[in-house]
2 protein chains.
Amino acid sequence: MNSKSFIPPQRILMGPGPSNVHPRVLEAMARPTIGHLDPKFIELMDDIKSLLRYTFQTENEVTFPVSGPGSVGMETCLVNLIEPGMKVLVCVNGVFGGRMKDIVERCGAQPVVVEAQWGSAIDPQKFEDALKQNPDIKLTAFVHAETSTGARSDIKALAEISHKYNCIAIADTVTSLGGIPVKVDEWNLDITYSGSQKCLSCPPGLSPVTFNDRSLHAIKNRKTKVQSWFMDLNLITSYWGTGSRRSYHHTAPINALYGLHEALLVLKEEGLENSWNRHRKNCEIVIAGLEKLGLKTFVNEDERLPELITVTVPEGIDEAEVRKFLLEKHNIEIGAGLGTLAGKIWRIGLMGYTSNEENISKCLNGLKEALAKFN
Amino acid sequence: MNSKSFIPPQRILMGPGPSNVHPRVLEAMARPTIGHLDPKFIELMDDIKSLLRYTFQTENEVTFPVSGPGSVGMETCLVNLIEPGMKVLVCVNGVFGGRMKDIVERCGAQPVVVEAQWGSAIDPQKFEDALKQNPDIKLTAFVHAETSTGARSDIKALAEISHKYNCIAIADTVTSLGGIPVKVDEWNLDITYSGSQKCLSCPPGLSPVTFNDRSLHAIKNRKTKVQSWFMDLNLITSYWGTGSRRSYHHTAPINALYGLHEALLVLKEEGLENSWNRHRKNCEIVIAGLEKLGLKTFVNEDERLPELITVTVPEGIDEAEVRKFLLEKHNIEIGAGLGTLAGKIWRIGLMGYTSNEENISKCLNGLKEALAKFN
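Procedures and definitions
- Every residue gets a number counted from 1 within its own chain, in the order that chain's sequence is written.
- Working convention: letters from A go to chains and numbers from 1 go to ligands, in the order in which they are written.
- Local features in this predicted model are restricted to residues whose pLDDT is 70 or higher, and side-chain atom pairs enter the listing and the counts only when it is 80 or higher, whereas totals over whole chains, interfaces and linings include all residues.
- When DSSP finds two or more bridges between two strands, those strands count as paired.
- Runs of E in the DSSP output that reach at least two residues are strands. Runs of H or I that reach at least four are helices, and both are numbered from the N terminus.
- Residues are treated as contacting if the C-beta atoms built from their backbones sit within 7 Å of each other.
- All axes here are fitted lines through C-alpha atoms, helices being fitted over the stretch that makes contact, and every angle between N-to-C directions spans 0 to 180 degrees.
- To superpose the copies, least squares is applied to the C-alpha atoms of every residue with a pLDDT of at least 70 in both.
- Note on residue classes: Ala, Val, Leu, Ile, Met, Phe, Trp, Tyr, Cys and Pro are nonpolar, Asp, Glu, Lys and Arg are charged, and everything else, Gly too, is polar.
- Roughly parallel refers to an angle under 35 degrees, roughly antiparallel to one over 145, roughly perpendicular to one between 65 and 115, and oblique to any angle outside these ranges.
- For any helix crossing, the convention is left-handed if the near helix is rotated counterclockwise from the far helix by under a right angle, and right-handed if that rotation is clockwise.

Draft legend 1. The sheet that holds strand β13 (residues 332-336) of chain B, seen in detail. All names here are of chain B. On the basis of which strands lie adjacent, the open sheet formed by five strands has the order β1-β13-β14-β12-β11 and mixed pairing. Looking at strand neighbours, the two that pair on one side only are β1 (12-14) and β11 (296-297), the edges of this open sheet. Summarising the sheet, β11 and strand β12 (residues 308-312) pair through two bridges and their orientation is antiparallel. Note on β12: the bridge partner recorded for Lys 296 is Thr 312. Sheet contacts for helix α10 (residues 272-292): β11, β12 and β14 (345-349); angle to β12, the most-contacted strand, approximately 10°. Here helix α11 (residues 319-330) sits on the sheet and contacts β13 and β14; the angle it forms with β13, its principal contact strand, is near 160°.

Draft legend 2. Expanded view of the relation of the copies chain B and chain A. When chain B is fitted onto chain A, the two copies agree to an RMSD of 0.0 Å after a turn of 180° and an axial shift of 0.0 Å. What the rotation and shift describe, once combined, is the action of a two-fold rotation axis. Looking at the interface residues of chain B, 100% of them are also at the interface in chain A, so both copies use one shared face.

Draft legend 3. Looking closely at the interface of chain B and chain A. Counting residues at the interface gives 67 residues for chain B and 67 residues for chain A. Elements with a minimum of two residues in the side of chain B that touches chain A: α1 (23-29), α2 (39-56), α3 (70-81), α4 (95-106) and α9 (254-270) of chain B. Of the residues contributing to the side of chain B that touches chain A, the split by class is 30 nonpolar, 23 polar and 14 charged.

Draft legend 4. Seen up close, the packing of helix α5 (residues 124-133) of chain B against helix α6 (residues 155-164) of chain B. All names here are of chain B. Where α5 contacts α6, the two axes come as close as 10 Å, and the packing angle between them is 20°. When the axes of α5 and α6 are compared, the pair comes out roughly parallel. Judged by the twist between their axes, the crossing of α5 over α6 is right-handed. On the side of α5, the interface is formed by Pro 124, Phe 127, Glu 128 and Leu 131, while α6 contributes Ala 157, Leu 158 and Ile 161.

Draft legend 5. The arrangement of the sheet that holds strand β3 (residues 87-92) of chain A in detail. All names here are of chain A. If you trace the seven strands from one edge of the open sheet to the other, you get β2-β10-β9-β8-β5-β3-β4, paired in mixed fashion. Bordering the open sheet on either side are β2 (62-66) and β4 (110-115), each of which pairs with just one other strand. Taken pair by pair, the neighbouring strands of this sheet meet at an average axis angle of 15°, ignoring direction. Taken together, the five bridges between strand β5 (residues 139-143) and strand β8 (residues 168-172) define a ladder with parallel strand orientation. Opposite Ala 141, over in β8, you have Ile 170 as the bridge partner. Against the sheet, helix α4 (residues 95-106) engages β3, β4, β5 and β8, with an angle of about 160° to β3. The strands that helix α7 (residues 213-220) touches are β2, β8, β9 (191-193) and β10 (207-211); relative to β8, the one it contacts most, it runs at about 115°.

Here it is as structure tokens:
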């Protein structure tokens, strides 16, 4: 055991997340810890909720960060809505849709799956057909930005269809929030969750969520208890709720919340639209650079995420060698493919604070060097 | 909304947790974020596991921090062992035993409860009687240091009895680990969980756990899937497991883990026995000081926790006024009673970095002032 303080290397994080954390966020996390029921902390919680409402573009009262990584956010949203024996429509076009399906099954419910090829968006027509064929479905779940493939689905359309069939819709915006438009109220998303470590430029460990009244009404009318104590929204909201009197539920991760607050502030100062534009503009630079290197993107242009670009590994190249070279020689992290895409793609993240021209230029130069070396 | 950076006050945290965080830990958390599959991060994970083995006094291979607060650690331990229809012996002598019972029920199992008065330890004889009467029980769960009351139970004895009746034993050591002896291997505790924000002097948000072979064998022989995806040990250990190849499960809270690593290092440098002695010695100073003020401790001496002293609120005193005065005038946080003890006790924490003579002296002086003022 190496019993000394850990001094991490300074990496350029261009994988699927975490992205680079804004220096102001790092600084905020080092501030002195206070109690989780301290009146000053309650003020901070209120500020975080307001900033999250801006970020999600919603007026939803129940908007707060779950005290756990994005997967806890996902599970929290699902377990609060699912009761045993229910049928749930789940869209699967990558790892994270697959994870939703797994959770649905663990809740004793039956997933009805709408699939799309990995790297493609969910087809709204297939989605509607599935709802038409299964009139007993009352809950749908889909991923906006599939982190495993780099494909964007039209969640506005999917939410609209869900409501046409009287369903509540859950949207995963882990990799989209802050990077591309996510308009919870305008798009009528009933439940939306995200993660701190992508376009919000914050370390991993928190999962912002927002619930509209329709979804809260459904939760209130459950016949059974939520299967998880920690994730039971009825209990969590007694702590994250309104008013100055908050009751103890769990001990919130104080310093991580200092970080999230600062990150949301940074994003608000930039402005959401400016952030979306920056991500789009920088994506164009990367795409042009990749084309120059003779590399092909994995996702069609109209479904491509600007904040997470997937690249097809050229024939004959050992993709792991390239990633290792970038990390060791240039301190640049890019991501590998997951699941069926392992070995076949790279995932280049341009999220939040990472997304700037200097990082792009370093990454393209590194890739050029690597391709010459390993070809 | 107050859209500016949050600068917390510098509090002396003498409540039930979080305790004050060591400055080295705060500094560590502000270091640059790296990827959760970065080879350097894998090294850090191995270091954390080793340091946790020292802290828990165990050789258990499966020893790691769950990516969530102590309540997620609690739920993780329970859901991995429980299958629907099982009977589980749960000891309840405060809020946290009650929480365990709630989780057991949400898992579709039947809790058999051994109760003790709040403020008292669990009686091993009653524990054994319950197991004798319920030979179909295969799992027991109990709290070492009841954070809601300040009482310590003899978990070595409870584990021994559990094994006599062929049960697996789960021990909550959230408020004990680092402050009083917790000897996982010597006491033969099958499953043990804790929290980062008590005697480890780290911010809240992580829950160290350790599983011995007997418990892993039981998990392997489950007939049903663990009801939580996030908490399924089979999946988590593919990430926190052995070897250099780790597969992705969730994105670990990188910077929080920097903090935990540093906190465990600080504890190792002091030495566990020295830390235990410091907590015991400082408790004696507080007890003497409280007696001088005419205050009575809530728990009998032989069951009292040195790191969390509960004090009976004197007749005629508004306990909330006293806490408010200490916080506003002296920046000292002490805790209120929970549940049935609300309004009746204060909880004075002397955990980890908080436990030193300067803080004690400030707290006793503040209490003296408050008692004079509000009497």
